[in-house]
There are 2 protein chains.
Amino acid sequence: MAISKIDQIPPERLERIMAVMKGVAHPLRFRIIVLLCDRAHNVNEMAAALGERQPAVSQHLAPLRMLGLVAVDRSGGNATYSLNEPMLRNLVHCFETHCTP
Amino acid sequence: MAISKIDQIPPERLERIMAVMKGVAHPLRFRIIVLLCDRAHNVNEMAAALGERQPAVSQHLAPLRMLGLVAVDRSGGNATYSLNEPMLRNLVHCFETHCTP
DNA sequence: TTTGGAGATTGCGATATGGCAATATCGAAG
DNA sequence: CTTCGATATTGCCATATCGCAATCTCCAAA
């Protein structure tokens, strides 16, 4: 089931992988994800923690939501976001472990 | 040394991580990398294996080269490309293992 | 020195993406 | 019903990226 033979990566899977990568390949979105690796946060918490404006954070949460990478819980007065795709932890760990410039 | 506290990701490191992710976040470039995970190839081999045209492959090799993700050996008549960044194997493995749509 | 193959580069037009400011929604509290 | 805090959305401009075709550079062999 490995993808060692390139030509054999099912197109669907390649598309999903690319979508996920593109979703994470943005400084703010990546930082949001790292933040959520720790625990759930609401939008304002994230904006504050990251030193970014709320609209910016919300804007970048949108694609993450659509990709199913994060989940929202709107039961309380505010929206609580949490990581919804387990592999993201692996991905982040992969970078924190091996990506040293 | 983990990057659990977002605000503490050194800017340089974040930049490098983003550069690598953006570099890999393209279908053709990703497939090139997966191809090179197996063994070294020259440009025409890759083009043939991937069913793409040589200029396209060469074009996408450029950024990978500049990022230091692949290395070229021009000692023979042709250019032999190989993986130059070990973490890419982890990255690919991470996706092949966990990214199931 | 001419030729042919292997690779790299360049110039486009088309599309996508990002930042930013303004504004719209929505639910809970008054 | 009105207000307020929390989030989401929209419009616009600037910039980056993509695919593609045409070309160009090199080097080795003849």
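These remarks concern the structure in this document.

What counts and what doesn't
Each residue is numbered by its place in its chain's sequence as written, counting from 1. Numbering of ligands from 1 and lettering of chains from A proceed in the order in which they are written. Side-chain atom pairs in this predicted model are given and counted only at pLDDT of 80 or more, local residue features only at pLDDT of at least 70, and totals for whole chains, interfaces and linings cover all residues. The basis for every side-chain value is the complete set of heavy atoms in the structure, and neither hydrogens nor water enter the calculation. Helix and strand labels come from DSSP, where a helix needs a run of H or I of at least four residues and a strand needs a run of E of at least two; each type is numbered from the N terminus. For every residue, the accessible area obtained with a 1.4 Å probe (protein chains only) is divided by the maximum for its type, and the residue is called buried under 20%, exposed over 50%, and partly exposed between those limits. Note on definitions: a residue-residue contact is assigned when non-hydrogen atoms from the two residues lie within 4.5 Å. Counting rule for charge: Lys and Arg are taken as positive, Asp and Glu as negative, and neither His nor the chain ends is counted. Think of each charge as sitting on NZ of Lys, CZ of Arg, CG of Asp or CD of Glu. In this description, strands pair whenever DSSP reports at least two bridges between them. Between N-to-C directions, angles span 0 to 180 degrees; the directions come from axes that are lines fitted to C-alpha atoms, helices contributing only their stretch in contact. Two rings from Phe, Tyr or Trp (for Trp, the six-membered ring) form a pair when their centres are within 6.5 Å of each other. A pair whose planes differ by under 30 degrees is stacked, one over 60 is edge-to-face, and the rest are tilted. Two cysteine sulfur atoms make up a disulfide if the distance between them is within 2.5 Å. Angle categories: roughly parallel below 35 degrees, roughly antiparallel above 145, roughly perpendicular from 65 to 115, and oblique for all the rest. Crossing handedness follows the turn of the near helix against the far one: under a right angle anticlockwise gives a left-handed crossing, and clockwise gives a right-handed one.

## Remarks on the overall build of chain A
Line of reasoning, step 1. Regarding its fold elements, chain A presents five helices and three strands.
Line of reasoning, step 2. Scanning chain A from its N terminus toward the C terminus, one meets helices and strands in the order α-α-β-α-α-β-β-α.
Line of reasoning, step 3. Counting only C-alpha atoms and orienting by the principal axes, one finds that chain A spans roughly 50 × 35 × 20 Å.
Line of reasoning, step 4. Out of the 101 residues in chain A, the part that is buried amounts to 48%.
Line of reasoning, step 5. Taking the intrachain contacts of chain A between residues at least 6 apart in sequence as the baseline, contacts between residues at least 24 apart amount to 47%.
Line of reasoning, step 6. One way to put it: in chain A the 11 positive side-chain charges average out to a point 4 Å from where the 9 negative ones average out.

## A short note on the sheet that holds strand β3 (residues 80-83) of chain A
Whether parallel or antiparallel, the strands of a sheet pair through hydrogen bonds between backbone atoms.
Line of reasoning, step 1. If you walk across this open sheet you meet the three strands as β1-β3-β2 (chain A), and the pairing is antiparallel. Each edge of the sheet is formed by a strand with only one pairing partner; in this case those strands are β1 (41-42) and β2 (70-73) of chain A.

## So, the sheet that holds strand β3 (residues 80-83) of chain B
Residue and element names in this part refer to chain B.
Line of reasoning, step 1. The antiparallel open sheet is built from three strands, whose spatial order is β1-β3-β2. Looking at the sheet topology across the chains shown, the edges are occupied by β1 (41-42) and β2 (70-73).
Line of reasoning, step 2. Pairing analysis gives two bridges linking β1 to β3, with the strands arranged antiparallel. Within β3, the residue paired with Asn-42 across the bridge is Thr-80.
Line of reasoning, step 3. Against the sheet, helix α4 (residues 54-66) makes contact with β2 and β3, and its axis sits at roughly 110 degrees relative to β2, the strand it touches most.

## A word on the packing of aromatic side chains
Residues and elements named next belong to chain A.
Line of reasoning, step 1. Throughout the structure, instances matching the rule amount to two aromatic pairs over all chains.
Line of reasoning, step 2. Seen in terms of ring centroids, Phe-30 and Phe-95 are 6.3 Å apart; in terms of plane orientation they differ by 85 degrees. Their pairing is edge-to-face. Of the two residues, Phe-30 sits in helix α2 (residues 27-38) while Phe-95 sits in helix α5 (residues 87-98), which places them 65 residues apart along the sequence. Both residues of the pair, Phe-30 and Phe-95, count as buried.

## Describing the pairing of β2 of chain A
Line of reasoning, step 1. Here β2 of chain A runs beside β3 of chain A; their pairing, made up of four bridges, is antiparallel. Within β3 of chain A, the residue paired with Ala-71 of chain A across the bridge is Ser-82 of chain A.

## Quick notes on the state of the cysteines
Line of reasoning, step 1. What the rule picks out here adds up to zero disulfides over all chains.
Line of reasoning, step 2. Here Cys-37 of chain B stays free of any disulfide, with the sulfur of Cys-94 of chain A as its closest cysteine sulfur at 11 Å.
Line of reasoning, step 3. Taking the relative accessible area as the measure of exposure, Cys-37 of chain B reaches 18% and is therefore buried.
Line of reasoning, step 4. Free of any disulfide, Cys-94 of chain B has its nearest cysteine sulfur in Cys-94 of chain A, 5.6 Å distant.
Line of reasoning, step 5. Taking relative accessible area as the criterion, Cys-94 of chain B reaches 6% and is therefore assigned buried.

## Here's the deal with the packing of helix α1 (residues 11-24) of chain A against helix α5 (residues 87-98) of chain B
When two helices pack together, you describe them by how their axes are tilted relative to each other and by the distance separating the axes.
Line of reasoning, step 1. Closest axis-to-axis distance for the α1 of chain A/α5 of chain B pair is 11 Å, and the angle between their directions is 120 degrees. One way to sum up the angle between α1 of chain A and α5 of chain B is to call them oblique. Crossing handedness for the pair α1 of chain A and α5 of chain B: right-handed. Here Arg-13, Ile-17, Val-20 and Met-21 of chain A of α1 of chain A come into contact with α5 of chain B, specifically with Leu-91, Phe-95, Glu-96 and Thr-97 of chain B.

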